[in-house]
Amino acid sequence: MKRDAQRCFIAHAPADAEFAARLAEDLESVGRTPDDDLDSCGTVIAVLSAAALEAVEVRDPVLAAKREALELVSVLVEDCELPPPLVGKPSVPYWGDREEALEVLRSAVGEDVGGLDDIMVTADRREKEAEEEARRARYSMPDESFASNRPAVIGAVVLGAVILGALGFTLLSGGDDGQAAAAAPARPKAPAPTRTTKAPPPPPPEPTRTPEEWKTIGTEAVTALRAALQADDIGLSIEQRDRAKQAFTKAGVAAPAELAELDRILAPEEAWHRRFQSAVSDFCGENYAKAKTAFDAMAEERPRDRRAAEYVKHIYYNLAVTKLQELEPWESVYYLDEFLKREKDASVQDLRGFAVRHREGAKLGYEYTKRVDTLRRRRAGCS
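Computed from a predicted model, the values in this text were never measured in an experiment. (Residues numbered from 1 in each chain as written. Predicted model: local features only at pLDDT ≥ 70, side-chain atom pairs only at ≥ 80, totals over all residues. Heavy atoms only, no water.)

**Student:** Describe the packing of aromatic side chains, naming the residues involved and giving the relevant values.
**Tutor:** One pass over the full model with this rule turns up eleven aromatic pairs. For the ring pair Phe295 and Tyr311, a centre distance of 4.9 Å and an interplane angle of 10° mean the geometry is stacked. Of this pair, Phe295 sits in helix H11 (residues 288–301) while Tyr311 sits in helix H12 (residues 307–325); the two residues are 16 residues apart in sequence, bridging distant segments of the chain. Overall, the relative accessible area of 0% leaves Phe295 in the buried class. Ring centres 5.1 Å apart and planes at 70° place the aromatic pair Tyr334 and Tyr335 in the edge-to-face group. The class of Tyr335 is buried, set by a relative accessible area of 19%. An aromatic cluster is present here, built from Trp272, Phe276, Phe283, Tyr288, Phe295 and Tyr311 joined pairwise through their rings. (Phe/Tyr/Trp six-rings, centres within 6.5 Å; stacked < 30°, edge-to-face > 60°. Helix = DSSP H or I, 4+ residues; strand = E, 2+ residues; numbered from the N terminus. Buried < 20%, exposed > 50% of the residue type's maximum accessible area, 1.4 Å probe, protein only.)

**Student:** Any details on helix H9 (residues 234–251)? Residues and values, ideally.
**Tutor:** Its 18 residues place the ends of H9 26 Å apart at the C-alpha level, agreeing with the 26 Å of an ideal helix rising 1.5 Å per residue. For H9, every residue scored as buried is listed here: Ile234, Ser237, Ile238, Gln240, Arg241, Ala244, Ala247, Phe248 and Ala251. Turning to H9, the residues buried within the fold contact helix H8 (211–230) and helix H10 (257–284). Downstream of H9 by one or two residues, Gly252 has phi in the positive range, about 75°. (Expected span 1.5 Å × (residues − 1). Contact = heavy atoms within 4.5 Å.)

**Student:** Break down the pairing of strand S3 (residues 41–48) for me, with residues and values.
**Tutor:** Among the eight residues that make up S3, eight are buried, leaving the element largely enclosed by the rest of the structure. Of the strand pairs in this sheet, S3 and strand S4 (residues 71–76) are connected by six bridges, and their pairing is parallel. Note that in S4 the partner of Ile45 across the bridge is Val73. Assessed by its sense of winding, the connection that carries the chain from S3 through helix H2 (residues 56–68) to S4 is right-handed. (Pairing = 2+ DSSP bridges. Right-handed = clockwise from strand over helix to strand, strands pointing away.)

**Student:** Now, about the state of the cysteines: what can you tell me, with residues and values included?
**Tutor:** This structure, assessed with the given rule, holds one disulfide. Across the disulfide from Cys284 sits Cys382; the S-S distance is 2.0 Å. Here Cys284 and Cys382 share a disulfide; its torsion about the S-S bond, -95°, makes the bridge left-handed. Here Cys284, found in helix H10, pairs with Cys382, found in the segment after helix H15 (366–372); they are 98 residues apart in sequence, far enough to count as distant. (Disulfide = S-S within 2.5 Å.)

**Student:** With reference to specific residues and values, describe the nonpolar core.
**Tutor:** If you look at the biggest cluster of nonpolar residues, it comprises 35 residues, and the most contacted ones within it are Phe283, Phe295 and Leu324. Listing elements by their share of this core, those giving two or more residues are H10, H11, H12, helix H13 (329–342), helix H14 (346–357) and H15. Residue contributions to this core peak at nine residues, all from H12. Ignoring any residue separated from it by four or fewer positions in sequence, one finds Phe295 in contact with Phe276, Ala279, Val280, Phe283, Ala308, Tyr311, Val312 and Ile315. Core analysis: the second largest hydrophobic core is formed by 20 residues, Leu23, Ala24, Leu102 and Val109 among them. (Core = buried A, V, L, I, M, F, W, Y, C linked by side-chain atoms within 4.5 Å.)

**Student:** So what about the sheet that holds strand S2 (residues 33–34)? Which residues, and what values?
**Tutor:** Pairing between the strands of a sheet is mediated by backbone hydrogen bonds and can be parallel or antiparallel. With parallel pairing, the five strands of this open sheet are ordered in space as S2-S1-S3-S4-S5. For this open sheet the edge positions go to S2 and strand S5 (91–93), each flanked by a neighbour on one side alone. The sheet contacts of helix H1 (residues 17–29) involve strand S1 (4–11), S2, S3 and S4, and relative to S1 the element is tilted by about 165°. (Axes fitted to C-alpha atoms, helices over the stretch in contact; angles between N-to-C directions.)

**Student:** Requested: an account of unusual backbone geometry, with residues and values cited.
**Tutor:** A positive phi is found at Ala69, a non-glycine position, where the angle reads about 60°. Within the fold, Ala69 resides in the loop between H2 and S4. Phi at Asp232 takes a positive value of approximately 60°, unusual for a residue other than glycine. Among the structural elements, Asp232 can be located in the loop between H8 and H9.

**Student:** Please give an account of the packing of H9 against H10 that cites residues and values.
**Tutor:** For the pair H9 and H10, interaxial distance at closest approach is 10 Å and the crossing angle is 140°. It follows from the interaxial angle that H9 and H10 lie oblique. The hand of the H9/H10 crossing is left-handed. Of the residues in H10, those in contact with Ile234, Gly235, Ser237, Ile238, Arg241, Ala244, Lys245 and Phe248 of H9 are Leu259, Asp263, Leu266, Glu269, Glu270, His273 and Arg274. Class assignment for the residues of the contact of H9 with H10 results in six nonpolar, three polar and six charged. (Parallel < 35°, antiparallel > 145°, perpendicular 65-115°, else oblique. Left-handed = near helix turned anticlockwise from the far one by under 90°. Nonpolar A, V, L, I, M, F, W, Y, C, P; charged D, E, K, R; others polar.)

**Student:** Quick rundown of H2? Include the residues and the values.
**Tutor:** For H2, built from 13 residues, the straight-helix expectation of 18 Å at 1.5 Å per residue is met to within 8% by its first-to-last C-alpha distance of 18 Å. Buried positions along H2 lie against S1, S3, S4 and H15. Where H2 terminates, the next one or two residues include Ala69, which has phi positive at roughly 60°.

As structure tokens, this is what we get:
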């Protein structure tokens, strides 16, 4: 069913039904149509009171609006804390003067004002507008001053008009020599100055080295390569291997046998390193299925290398957070159990208990959304 942007669904607790009926009348007066069918509405109006904060009649439509990216507006029957999904959304205080509240409501949802993207008229804004008007009045000319100088002003305006008219007539007619002036060749325009852009300075030339110096650089790189391999720093090993090969080539000499042997040792490490970086890239892009397949294979190949196994735990944790924030806590329990099989973490154990308490069919009220909205996915290795 296509949603109508002008239709509003009023989400309210049973205790606020009488207020919701009055609000429906106010919505009609500002050009909106109240509707009991949430699927046909483009806006959800949440009536907030102490009773509404835990009411499923308010919670479910608000969460549905958040999922569907509908417009959300809160109408406050009394001064109360906004639930997380409504923080930052337009809110209309209705516990004071009704006429003033109606004005704010019109600014928030009235069709003649442009909808929710316009700035709501609030008491603070009206106060600022009054201050600005007073400031302008202090620096503007009083009406009496203008009235007293009106003859002089009018005379100056008339004189200016006469002068401009005469000047315009002279330019158009050219006097007695108007035709000659029209036939006169146009004055050539001066050529526009050209702007010269300085080219960026060339990079400094590579220092000239003797073959012996290049050979020394290559020997140092082989030593650094050996140390990097012992430290299991594959990235640095690749860098030093390439540096050594370049140096011996510029020296014009054959590379030592040790470099070939170290390169042979590095080859499988380099291949594993590139696979690992590719899997991290998939993890950062939240392609968890592909990343987990790669990390599982690498963890099985090298059980002593814990890096791949750590990323598998990150994937299970992130999937659990996703399910919690998608209002499916019962689905998150599986992923949290898989995490806890790999590591006993007190905070994750606590999160699992929270998910179990909010199993399928349980009320997902304000306390639930307050906690899950603060959860963050793990982004190890992601920029």
